[in-house]
Amino acid sequence: MGILTGLLGLAGLLMAGAARDFGILAFGLALALYAVLFCWWMVKTAYDEIEQE
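Residues numbered from 1 in each chain as written. Predicted model: local features only at pLDDT ≥ 70, side-chain atom pairs only at ≥ 80, totals over all residues. Heavy atoms only, no water.

Student: I'd like a description of the pattern of salt bridges, backed by residues and values.
Tutor: Under the definition given, this model contains 1 salt bridge. Of the charged contacts in the structure, one is a salt bridge between lysine 44 and aspartate 48, with a shortest N-O distance of 2.6 Å. Of this pair, lysine 44 and aspartate 48 both sit in helix 2 (residues 22-52), 4 residues apart, roughly one helical turn. Residue class for lysine 44 comes out partly exposed when judged on its relative accessible area of 48%. (Salt bridge = Lys/Arg side-chain N within 4 Å of Asp/Glu carboxyl O. Helix = DSSP H or I, 4+ residues; strand = E, 2+ residues; numbered from the N terminus. Buried < 20%, exposed > 50% of the residue type's maximum accessible area, 1.4 Å probe, protein only.)

Student: Give a detailed account of helix 1 (residues 2-17), specifying residues and quantitative values.
Tutor: If you check helix 1, its first and last C-alpha atoms are 22 Å apart, about what 16 residues at 1.5 Å a residue would give, namely 22 Å. Residues of helix 1 that are buried include every one of Thr5, Gly9, Gly12 and Ala16, and no others. End-on, the buried residues of helix 1 take up no more than an arc of 55 degrees, which puts them together on one face. The exposed residues of helix 1 that point more than 90 degrees off its buried face are Ile3, Leu4, Leu7, Leu14 and Gly17. In this fold, the buried residues of helix 1 make contact with helix 2. (Expected span 1.5 Å × (residues − 1). Arc of directions from axis to C-beta. Contact = heavy atoms within 4.5 Å.)

Purely spatial values, then, with no claim about function.
Shown next as structure tokens:
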């Protein structure tokens, strides 16, 4: 799941880099931000589960 989300974030950055209008730029940056936050949440969840043991 993390690899797929990372690839989506990379695709978002590529979209934002090649954007010619604001809509695609905003969508690409939002997709990249979502990917970073989702991966960060996955790491946090894993560490929280380890701490409970």
